[in-house]
Amino acid sequence: ARPSKVAGFLDVASGAWDPSLAFVMGSALLFTFPFFQYLERTHVDVAMLGKPVALPEKTKPVDYKLITGSIIFGVGWGVCGGCPGPIWVMLAGNPSAEVVCLWFGFVGGTGLTVLLKHFFHVPEDSERTPVVPLGPSEGAQVVPVAPAPAVGAEQAADDGAQ
């Protein structure tokens, strides 16, 4: 959780590159990759504590939210030298004014995102209106999709008609 380590890792061009964070990331991949392969091959739907396991779809395209979030995360990590995981260690190990300010930045940014989504009622991906391309020259047209009827709606309609 030292900003100098992050700066040394990101400083590839000067010749003073510090590859130690690459070993941290590599060890994380070596640990998690086999578990994700196991989950995909065995089709585990429920975790040990009863919560559903939801892996991302492989066909899901890279969208603006992923790109924007990655850029914001990378710029924030590079500017302040901390990311949301180690900030808790930094806060417990060195509760200085700078670390507390960084923590309030993370918490405040998360809270602001939640408030803005609520205020502007940003729909989830599944609620968005799909854009169906018509062809190379016509561009794209927004096609409204009717929501699926609620379970039991047909039965209620049949009961009302009788």
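Each value, and the rule that gives it
- Residues numbered from 1 in each chain as written.
- Predicted model: local features only at pLDDT ≥ 70, side-chain atom pairs only at ≥ 80, totals over all residues.
- Heavy atoms only, no water.
- Helix = DSSP H or I, 4+ residues; strand = E, 2+ residues; numbered from the N terminus.
- Buried < 20%, exposed > 50% of the residue type's maximum accessible area, 1.4 Å probe, protein only.
- Contact = heavy atoms within 4.5 Å.
- Areas by Shrake-Rupley, 256 points an atom, 1.4 Å probe, with all protein chains shown as cover.
- Core = buried A, V, L, I, M, F, W, Y, C linked by side-chain atoms within 4.5 Å.
- Patch = residues over 30% accessible without salt bridge, like charges linked within 9 Å, V, L, I, M, F, W, Y side chains within 5 Å.
- Salt bridge = Lys/Arg side-chain N within 4 Å of Asp/Glu carboxyl O.
- pLDDT = per-residue confidence, 0-100.
- Phe/Tyr/Trp six-rings, centres within 6.5 Å; stacked < 30°, edge-to-face > 60°.
- Expected span 1.5 Å × (residues − 1).
- Polar contact = N/O pair within 3.5 Å; in protein donor to acceptor, adjacent residues only side chain to side chain.

To continue, consider the overall build of the chain. Counting secondary structure elements, the chain contains six helices and two strands. Ordered by position from the N terminus, the helices and strands of the chain form the series α-α-α-α-α-β-β-α. Here the chain holds 162 residues, and the buried ones make up 8% of them. In the chain, the proportion of contacts linking residues at least 24 apart, taken out of those at least 6 apart, comes to 21%. When the accessible surface of the chain is split by element, carbon and sulfur atoms take 70% of a total near 13300 Å².

Membership of the largest hydrophobic core is limited to five residues, which are V6, F9, L21, W77 and C83. If sequence neighbours within four positions are ignored, C83 has contacts with F73, W77 and F106.

What follows deals with a nonpolar patch on the surface. On the surface, a nonpolar cluster with roughly 580 Å² of combined accessible area is contributed by V62, L66, I67, I71, V75 and V79. Inspection of the secondary structure puts V62 in the loop between helix 2 (20–42) and helix 3 (64–80). Residue class for V62 comes out exposed when judged on its relative accessible area of 59%.

Turning to the environment of F36, a few remarks are in order. Position of F36 among the secondary structure elements: in helix 2. Placed 19 residues apart in sequence, F36 and L55 show a C-alpha to C-alpha distance of 8.7 Å.

With that settled, the discussion passes to the environment of P52. Among the structural elements, P52 can be located in the loop between helix 2 and helix 3. Of the residues examined, P52 reaches a relative accessible area of 67% and is grouped as exposed. Beyond its immediate stretch of four places on either side in the chain, P52 contacts D45 and V46.

In this section: the confidence of the model for the chain. Averaged over every residue, the pLDDT of the chain is 74; residues scoring 70 or more account for 73%. Per-element confidence in the chain ranges from a low mean pLDDT of 46 for strand 1 (residues 131–135) to a high of 87 for helix 2.

Using the criterion set out here, one finds five aromatic pairs in the structure. Seen in terms of ring centroids, W88 and W103 are 5.9 Å apart; in terms of plane orientation they differ by 75°. Their pairing is edge-to-face. Taken as a pair, W88 in helix 4 (residues 87–93) and W103 in helix 5 (residues 97–119) lie far apart in primary sequence, 15 residues in all. Relative to F104, the ring of W103 lies with its centre 5.0 Å away and its plane at 75°, an arrangement referred to as edge-to-face. Ring pairs connect the aromatic residues W88, W103 and F104, which therefore count as one cluster.

Another point: helix 2. Between the first and last C-alpha of helix 2 there are 34 Å, a value that for 23 residues agrees with the 33 Å anticipated at 1.5 Å per step. Downstream of helix 2 by one or two residues, H43 has phi in the positive range, about 55°.

This brings us to unusual backbone geometry. If you check the backbone angles, H43 has positive phi at about 55° while not being a glycine. Counting through the fold element by element, H43 comes out in the loop between helix 2 and helix 3.

Positionally, S20 belongs in helix 2. You can call S20 partly exposed: its relative accessible area is 23%. Polar side-chain contacts of S20 include one of 3.1 Å to the side chain of D18.

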